[in-house]
Every structure is written in C-alpha cells, then in structure tokens.
Amino acid sequence: MHAMHADSSLVAVPEHRRVVLVDVDGTLVTYTGVLPDSAADAVRRARAAGHRVYPITGRSKAEMPGRFDELGLDGMIGANGAYIESDGEVVAHRRMGLMEVTTVIGWLTRRGLPFYLEATSGLYAAPGFCEAALPAVRAYAVGEGWADIEAVSVAEALHGLVETNDLVRDDVSKISYVLSSTADLEAAREAFPMLAHGSWGGRGHTALFGDMGVEGITKARAVDLLLAHIGVDLADAVAIGDAAIDIGMLDRCGVGVAMGNASQEVKGVADLVTDDVEADGLAKAFARLGLLG
C-alpha cells in the first residue's frame, strides 16, 4: 500500500461524521459480484459510528441485489450520477426523453447491435438479446475472473434483465449495446452528439459494450448535488473507487481513495491507495481513515 499523505485532516476523530461514497464493482464487490464479509462489516460499523455510506455506481437501482439492503445504506447514486436517492427520497433523476429512447433503439436495431435499456425499474432488452449478447458477456466474464465461463449466462451477469417488446420507457437513464468494433462507438457519437457516450468491458477496460445517456452526468456532479441536499461539505466526503470514471469524484472529495486493483491513472489522483478488492481493500481503507468507530 502507498503511504498516506501526512495531512492530519485525513484522520477522522470520533466526533467527525463523514459521508463515504463507494463505487460498487471492483470496490465494494469483486469483479465477479462477491461482497466480501470484511466490506459488509466495515460499512455496518461505519454507519454505526455515525457516518453516512452511499454506493455510487454505473448500476441502476434495479441492479442492486437484495444483499445490499442488508447493509443499511443511506441511499445510492446510480447510472453514474443520473439517479440520486437519500433516506428513501429521490433527490435527482435525469432521464432520456421518449423520442431519444425511440430514436436510439431504431438506430441500434438497424445497425444490428444487441442492446438493453438501463432504467430505474429494471434492465430491458428485446427478445433474443440474451443469446445475441452471450459472446460479449462471456468475454467480459473472462476479464472479470469468473471461474466457469461456459456456465455464465447473460441473466446472471446482468442482474434483473428482462426481455420484452415494451421498450419505449420514460425512466431510462442510459442504453448499453454490444460493440462489433470501436467504429460503432464513433458512429454513435456522430449520430447522437447530444448524448453522452462511453464504453466498458471490465478489468482491463477492453471495450466490449458502448453506452449512451444524458449529457452532463458525472459522478462528481452527483456528489455535489447529494452533499448540498444533506448539508455536508466536500471536505467531509470520502470517495473510493477503481475506474477512470471515478477520477472526478476522487479528485473532488476531501479524501480520494483508490483500490489496489485500480489503474495507475486512478491511483495518481488518490490521497490513499488501499489493497485490492479481493484482499479486504475497502475494509482496510475504512480502518485507516478512522471510520470504524
């Protein structure tokens, strides 16, 4: 682990209540979706000590399985910042318009790219998606370290996905699609300049999927909105993550923590680098920051 900066403000005193913003995949859970007991225990202890803990993730609310409810989290930031919830209240929800959803679906269908909608209520794909997307999902699983690749299914990898013809929805935060090549991503940017575009593929970040969503959405902006809503200063916020998309919030919050499995780019902006997610990295970071009570 890297040495922590000597700044005494990084060490929490018992009466110092903080807001802890924790990325999910590769940070709170392993890349195969396992929630380490040490991480679950650290979150519970931090909350018992009076700190607030929010997952901040690319996942939609529907992609947060029931086991997360057992942690007693204070809310969540989903869809990389498009959805913000605190104490059961929806603070903000930026959605794609019905016309945008319809137009993107038509474009992806004509281009022959399997896709799914990421909505607050669930993940929705056209019939046949699970079969068409299986090669990309298994390639993703290889990068994430799944043990039995042949046993991996799309339904298992994309928690909560439903195949349906009812795809024109008003609660869509973003649309993900299988890339046949990086040319698809460039074509999507050209066709929809008013939307935000990204790509993902898991550990190593090989581009297997592209996504389109509302422009101007970032995790850092969502952190600002959440903290303003609950009346907490940025100086009292801790952000923990592993991916390039987390850099903005790590740099913005009072303390930024990079997981040991993060890239050098992410580690470069962090105040503290902890161990890998599989090596109790989250719990060790909570302990070093005095969050466990």
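Residues numbered from 1 in each chain as written. Predicted model: local features only at pLDDT ≥ 70, side-chain atom pairs only at ≥ 80, totals over all residues. Heavy atoms only, no water.

Brief notes about the overall build of the protein chain
Phase 1 of the analysis: Check the secondary structure of the protein chain and you find 10 helices and 14 strands.
Phase 2 of the analysis: By the compact-globule yardstick of 19 Å for 293 residues, the protein chain fits well, its C-alpha radius of gyration being 19 Å.
Phase 3 of the analysis: In terms of its C-alpha atoms, the protein chain occupies a principal-axis envelope of roughly 60 × 40 × 35 Å.
Phase 4 of the analysis: Buried residues in the protein chain amount to 53% of all 293 residues.
Phase 5 of the analysis: Across the protein chain, contacts joining residues at least 24 apart in sequence account for 61% of those joining residues at least 6 apart.
Phase 6 of the analysis: Element-wise, carbon and sulfur atoms account for 51% of the exposed surface of the protein chain, whose accessible area totals about 12200 Å².
Phase 7 of the analysis: Taking the average location of the 24 positive side-chain charges in the protein chain and that of its 41 negative ones, the two points are 2 Å from each other. (Helix = DSSP H or I, 4+ residues; strand = E, 2+ residues; numbered from the N terminus. Rg over C-alpha atoms; globule rule 2.2 N^0.38 Å. Buried < 20%, exposed > 50% of the residue type's maximum accessible area, 1.4 Å probe, protein only. Contact = heavy atoms within 4.5 Å. Areas by Shrake-Rupley, 256 points an atom, 1.4 Å probe, with all protein chains shown as cover. Lys, Arg positive; Asp, Glu negative; His and termini not counted. Charge placed at Lys NZ, Arg CZ, Asp CG, Glu CD.)

Examining the environment of S199
Phase 1 of the analysis: With respect to the helices, strands and loops of the structure, S199 is situated in strand β10 (residues 195-200).
Phase 2 of the analysis: Residue classification places S199 among the partly exposed residues on the basis of a relative accessible area of 41%.
Phase 3 of the analysis: Considering only alpha carbons, one finds S199 and M212, 13 residues apart in sequence, at a separation of 8.9 Å.
Phase 4 of the analysis: For S199, the residues in contact, after removing those within four places along its chain, are L179, L185, A207, F209 and G210.

Looking at helix α1 (residues 37-48)
Counting along an α-helix, one turn takes 3.6 residues, and residues three or four places apart therefore face a common direction.
Phase 1 of the analysis: With 12 residues, α1 extends 16 Å from end C-alpha to end C-alpha; this agrees with the ideal 16 Å at 1.5 Å per step.
Phase 2 of the analysis: Buried residues of α1: A39, A40, A42, V43 and A46, and no others. For α1, the angular spread of buried residues about the axis comes to 160°, placing them on one side. Opposite its buried face, α1 presents the exposed residues D37 and A48, each directed more than 90 degrees away.
Phase 3 of the analysis: Turning to α1, the residues buried within the fold contact β2 (52-55) and α10 (281-288).
Phase 4 of the analysis: The positive-phi residue at the C-terminal boundary of α1 is G50, with phi of around 100°. (Expected span 1.5 Å × (residues − 1). Arc of directions from axis to C-beta.)

Brief notes about the packing of aromatic side chains
Phase 1 of the analysis: Applying the stated rule across the entire model yields 4 aromatic pairs.
Phase 2 of the analysis: When the ring of W107 is compared with that of F192, the centres are 5.7 Å apart and the planes differ by 85°; the resulting orientation is edge-to-face. Highlighted residues: W107 in helix α2 (residues 98-111) and F192 in the loop between α6 (182-191) and β10, separated in sequence by 85 residues.
Phase 3 of the analysis: A residue is classified by how much of its surface remains accessible, and F192, at 6% relative accessible area, is buried. (Phe/Tyr/Trp six-rings, centres within 6.5 Å; stacked < 30°, edge-to-face > 60°.)

Some thoughts on the sheet that holds β10
Phase 1 of the analysis: Pairing in this open sheet of 6 strands is mixed, and the strands run β8-β7-β6-β9-β11-β10 from one edge to the other. Because the sheet does not close on itself, it has two edges, and the strands there are β8 (161-163) and β10. The mean inter-strand angle of the sheet, taken between neighbouring strand axes irrespective of direction, is 25°.
Phase 2 of the analysis: Where strand β9 (residues 172-178) meets strand β11 (residues 209-214), 5 bridges bridge the pair, whose relative direction is antiparallel. Note that in β11 the partner of I175 across the bridge is M212. (Pairing = 2+ DSSP bridges. Axes fitted to C-alpha atoms, helices over the stretch in contact; angles between N-to-C directions.)

Details of the nonpolar core
Phase 1 of the analysis: In terms of nonpolar packing, the biggest core is built from 31 residues, with V20, V22, L28, I240, V257 and F286 touching the most fellow members.
Phase 2 of the analysis: Those elements that provide at least two residues to this core are β1 (19-22), α1, β12 (237-241), β13 (255-258) and α10.
Phase 3 of the analysis: Ranked by residues supplied to this core, first place goes to α1 with 5 residues.
Phase 4 of the analysis: Among residues more than four places away in sequence, those in contact with F286 are V20, V22, A42, V43, A46, I240, L291 and L292.
Phase 5 of the analysis: By size, the runner-up hydrophobic cluster in this structure holds 26 residues, among which are M96, V104, L108 and A187. (Core = buried A, V, L, I, M, F, W, Y, C linked by side-chain atoms within 4.5 Å.)

Points about the pairing of β13
Side-chain positions along a regular strand alternate between the two faces of the sheet.
Phase 1 of the analysis: Here β13 shows two buried faces, one formed by V255 and V257 and the other by G256 and A258.
Phase 2 of the analysis: When β12 meets β13, the two strands line up parallel, connected through 4 bridges. Residue pairing across strands places V238 opposite V255, the latter belonging to β13.
Phase 3 of the analysis: Crossover connection from β12 via helix α8 (residues 247-252) to parallel β13: handedness right-handed.
Phase 4 of the analysis: Here β13 pairs with strand β14 (residues 272-273) via 2 bridges, running parallel. Looking at the pairing, V257 lines up with L272 of β14. (Right-handed = clockwise from strand over helix to strand, strands pointing away.)

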